[in-house]
There are 2 protein chains.
Amino acid sequence: MPVTVLLVDDEPLVRAGLRAVLEAQPDIEVTGEAADGAAVIPLVRQLRPDVVAMDVRMPLMDGIEATRAVLRTVPDPPKILVVTTFEDDEFVYEALRAGADGFLLKRARPAEIVHAVRLAAAGDSLLFPASVRRLAARYGDGGRPARATLERARLTEREAEVLRLMARGLSNAEIAARLVVSAETVKSHVSAVLAKLGARDRTQAVIAAYESGFVEPG
Amino acid sequence: MPVTVLLVDDEPLVRAGLRAVLEAQPDIEVTGEAADGAAVIPLVRQLRPDVVAMDVRMPLMDGIEATRAVLRTVPDPPKILVVTTFEDDEFVYEALRAGADGFLLKRARPAEIVHAVRLAAAGDSLLFPASVRRLAARYGDGGRPARATLERARLTEREAEVLRLMARGLSNAEIAARLVVSAETVKSHVSAVLAKLGARDRTQAVIAAYESGFVEPG
DNA sequence: GATCGTCTCCCCCGTGCGGGGGAGGCCCGT
DNA sequence: ACGGGCCTCCCCCGCACGGGGGAGACGATC
């Protein structure tokens, strides 16, 4: 049986885009749409979708409020994916606390969006971008347990941290300042990252980070 | 024969939405897509669409610049509809001055979007929302540039080519070999790219390329 | 004709980067 | 208790990188 999805966004164009992307998949079915969070609860009760794609910024009731409302009042609630334009740490944490299961970045490629919906439907809540995991780890009780392991590479924790900062354009000196270690230490980590990724320089490493999904655009 | 449309927006989701809305019409055909204004001119020359749906906010080259560039360099140019999220007076007036033929508001209903495209294709340029006419009336014949628009990243053909190769991890020497020019020439282009993108080094430039959709993962 | 933008090539020069090698402290697991 | 990752820091060194200049050739535009 297919994964059923409810779309909640005040912009018809975004709804149309999500519908087009999702309905291209044989195993995903968009069973309803809503233009505001205020309309979500009755629709969820009626349609009982597996996943709700929820915009954050809506006129009457925003996505955070609506997420809280659904999770508070609906028994056996659907997975909720928050649709965002930017990775805003502030509101990402709000959504996390409200109980959202993941994010759909508007900048993401269709395949990634489809993937996120499938993951959410399967109960897998590992689809948070890096910033969310950082926040979840930092704030602790935010909701889901934080994911520490990154199986994508055999990078150590520290090396992954360094790679993330490299992928944000920081120099070795800036990374050192950020991590409060010496520049020599950063150089060691960078060299290790390059060796493990088979990259010749930091640029190739960053490319690998993007291509592997280790970091995501947006 | 159908109305042909080129979609230019850095968000794949918006492109998918426009495509879904427009292709539902038998007399409208989406013949191409681009993720940044920098890619528009060659595409317009190649596809010769009737209408271009142009986003305003794009990383490398914004919709205003791209609109100017198209109208300045392409003979018998297409009608250009600027896609906006909000009715931003600033953008609206800039777009107007750049020569845009109309607007597509993301909040608009599909029928209105379709209507706007048909009107534009028919050469009717009366499809500005009320705010635009207000502005046009207020500023009259335009006694201002006012805000000196800082030169946005407007990459030349060659620079874009170099950036693409940078984003594939090539060194200056390798790019030189690929393009059959000297390494000095490549250095010149790289410096120009860095300056235009506001990047400090090639790594930051590559990051910008990914974040803007100028290159895409996978 | 003059001007502008683009592409091409060259110089010097400082430095950030990355390789190679080594080393001490720490917490694991066996 | 011992080895093995991991993180940390240090040395030397070569070089690609990038900035700041300048300049000639070509085409398009004015």
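Analysis parameters
- Residues numbered from 1 in each chain as written.
- Chains lettered and ligands numbered in written order.
- Predicted model: local features only at pLDDT ≥ 70, side-chain atom pairs only at ≥ 80, totals over all residues.
- Heavy atoms only, no water.
- Helix = DSSP H or I, 4+ residues; strand = E, 2+ residues; numbered from the N terminus.
- Buried < 20%, exposed > 50% of the residue type's maximum accessible area, 1.4 Å probe, protein only.
- Contact = heavy atoms within 4.5 Å.
- Areas by Shrake-Rupley, 256 points an atom, 1.4 Å probe, with all protein chains shown as cover.
- Phe/Tyr/Trp six-rings, centres within 6.5 Å; stacked < 30°, edge-to-face > 60°.
- Salt bridge = Lys/Arg side-chain N within 4 Å of Asp/Glu carboxyl O.
- UniProt positions renumbered as here; feature names shortened; annotations may be inferred.
- Buried area = accessible area lost by both parts, 1.4 Å probe.
- Polar contact = N/O pair within 3.5 Å; in protein donor to acceptor, adjacent residues only side chain to side chain.
- Near = heavy atom within 4 Å.
- Core = buried A, V, L, I, M, F, W, Y, C linked by side-chain atoms within 4.5 Å.
- Pairing = 2+ DSSP bridges.
- Axes fitted to C-alpha atoms, helices over the stretch in contact; angles between N-to-C directions.
- Parallel < 35°, antiparallel > 145°, perpendicular 65-115°, else oblique.
- Left-handed = near helix turned anticlockwise from the far one by under 90°.
- Nonpolar A, V, L, I, M, F, W, Y, C, P; charged D, E, K, R; others polar.
- Arc of directions from axis to C-beta.

1. Observations concerning the overall build of chain A
Line of reasoning, step 1. What chain A contains, in helices and strands, is ten helices and five strands.
Line of reasoning, step 2. Looking at the 218 residues of chain A, the share that counts as buried comes to 50%.
Line of reasoning, step 3. Partitioning the contacts of chain A with sequence separation of at least 6, the portion at a separation of at least 24 is 63%.
Line of reasoning, step 4. When the accessible surface of chain A is summed, it comes to about 9,800 Å², and 52% of that surface belongs to carbon and sulfur atoms.

2. Concerning the packing of aromatic side chains
Line of reasoning, step 1. Within the structure shown, the criterion is met by one aromatic pair over all chains.
Line of reasoning, step 2. Taking 4.5 Å as the distance between ring centres and 5° as the angle between the ring planes, the aromatic pair formed by Y210 of chain A and Y210 of chain B counts as stacked. Residue Y210 of chain A is located in helix α10 (residues 202–211), and its partner Y210 of chain B is located in helix α10 (residues 202–212); the two belong to separate chains.
Line of reasoning, step 3. Take Y210 of chain B: its relative accessible area is 3%, and that puts it in the buried class.

3. Remarks on the pattern of salt bridges
Line of reasoning, step 1. Summed over all chains, the structure comprises 16 salt bridges over all chains.
Line of reasoning, step 2. The shortest N-O distance in the salt bridge between R118 of chain A and D27 of chain A comes to 2.7 Å. You can see R118 of chain A sitting in helix α5 (residues 110–121) and its partner D27 of chain A sitting in the loop between α1 (12–23) and β2 (28–34), a full 91 residues away along the chain.
Line of reasoning, step 3. A relative accessible area of 28% means that D27 of chain A is categorised as partly exposed.
Line of reasoning, step 4. As a salt-bridge pair, R200 of chain B and E174 of chain A come within 2.7 Å of each other at their nearest N and O atoms. Of this pair, R200 of chain B sits in the loop between α9 (183–197) and α10 while E174 of chain A sits in helix α8 (residues 172–179), on two different chains.
Line of reasoning, step 5. For R200 of chain B, a relative accessible area of 43% gives the class partly exposed.

4. Digging into the UniProt feature "modified residue: 4-aspartylphosphate" (unreviewed entry) in chain A
Residues and elements named next belong to chain A.
Line of reasoning, step 1. UniProt records the feature "modified residue: 4-aspartylphosphate" (unreviewed entry) at D55, using the numbering of this structure.
Line of reasoning, step 2. Positionally, D55 belongs in strand β3 (residues 51–55).
Line of reasoning, step 3. Owing to a relative accessible area of 5%, D55 belongs among the buried residues under this scheme.
Line of reasoning, step 4. The residues touching D55, leaving out its near neighbours within four places in the chain, are V8, D9, D10, G63, V83 and K106.

5. Some points on the interface of chain A and chain B
Line of reasoning, step 1. Listed per partner, the contact involves 38 residues of chain A and 38 residues of chain B.
Line of reasoning, step 2. In total, about 2,900 Å² of surface goes out of reach between chain A and chain B, with carbon and sulfur atoms giving 58% of it.
Line of reasoning, step 3. Seen at the junction of chain A and chain B, the total is two salt bridges.
Line of reasoning, step 4. The tally of links between chain A and chain B comes to seven residue pairs in polar contact (both at pLDDT 80 or more).
Line of reasoning, step 5. Of all the elements in the fold, those that place two or more residues in the side of chain A that touches chain B are α1, α5 and α10 of chain A.

6. What to know about the side chain of T4 of chain A
Line of reasoning, step 1. With respect to the element layout, T4 of chain A can be found in strand β1 (residues 3–8).
Line of reasoning, step 2. When near neighbours in sequence (up to four residues on either side) are disregarded, T4 of chain A contacts E29, T31, R48, P49, D50 and V51 of chain A.

7. Regarding unusual backbone geometry
All names here are of chain A.
Line of reasoning, step 1. With phi around 45°, R48 is a residue other than glycine that occupies positive phi space.
Line of reasoning, step 2. With respect to the helices and strands, R48 occurs in the loop between α2 (40–47) and β3.
Line of reasoning, step 3. With a relative accessible area of 43%, R48 lands in the partly exposed category.

8. Focus on the protein's contact with DNA strand D
Line of reasoning, step 1. Residues in contact with DNA strand D amount to 17 residues; listed here are only the nearest, T156, S182 and T185 of chain A together with K187 and R202 of chain B.
Line of reasoning, step 2. Restricting attention to atoms of DNA strand D within 4 Å of the protein, one finds that 70% of them are sugar or phosphate atoms.
Line of reasoning, step 3. In the environment of DNA strand D, a base nitrogen lies 3.0 Å from a nitrogen or oxygen atom belonging to the side chain of S188 of chain A.
Line of reasoning, step 4. Here H189 of chain A contributes a side-chain N or O atom positioned 2.9 Å from a phosphate oxygen of DNA strand D.
Line of reasoning, step 5. Among the secondary structure elements, those contributing two or more residues to the surface near DNA strand D are α7 (157–166) and α9 (183–197) of chain A together with α9 of chain B.

9. Quick look at the nonpolar core
Line of reasoning, step 1. Core analysis: the largest hydrophobic core is formed by 47 residues, its most contacted members being L163, M166 and I175 of chain A together with L163, M166, I175 and A205 of chain B.
Line of reasoning, step 2. At the level of elements, α7, α8, α9 and α10 of chain A together with α7 (157–166), α8 (172–179), α9 and α10 of chain B are the ones that each hand at least two residues to this core.
Line of reasoning, step 3. When residues no more than four places from it in sequence are discounted, the contact partners of I175 of chain A are V162, L165, M166, L170, V186 and R202 of chain A.

10. Digging into the pairing of strand β4 (residues 79–84) of chain B
Residues and elements named next belong to chain B.
Line of reasoning, step 1. Of all six residues making up β4, five are buried, and the element is well covered by its neighbours.
Line of reasoning, step 2. Taken together, the five bridges between strand β3 (residues 51–55) and β4 define a ladder with parallel strand orientation. Directly across from D55, in β4, lies its bridge partner V83.

11. Description of the packing of α7 of chain A against α8 of chain A
Residues and elements named next belong to chain A.
Line of reasoning, step 1. As a packed pair, α7 and α8 sit with axes 10 Å apart at the nearest point and diverge in direction by 125°. Considering their axes alone, α7 and α8 lie oblique with respect to each other. Crossing hand, α7 versus α8: right-handed. Here R158, E161, V162, L165 and M166 of α7 come into contact with α8, specifically with I175, R178 and L179.
Line of reasoning, step 2. Residues that form the contact of α7 with α8 fall into these classes: five nonpolar, no polar and three charged.

12. Considering α8 of chain B
Residue and element names in this part refer to chain B.
Line of reasoning, step 1. Three or more residues of α8 are buried, namely I175, A176 and L179. Angular distribution of buried residues about the axis of α8 spans 100°; they occupy a single face of the element. The outward face of α8, more than 90 degrees from its buried face, is lined by the exposed residues A173 and A177.
Line of reasoning, step 2. Contacts made by the buried residues of α8 are with α7, α9 and α10.
Line of reasoning, step 3. In the segment just after α8, V180 is the residue with positive phi, at about 55°.

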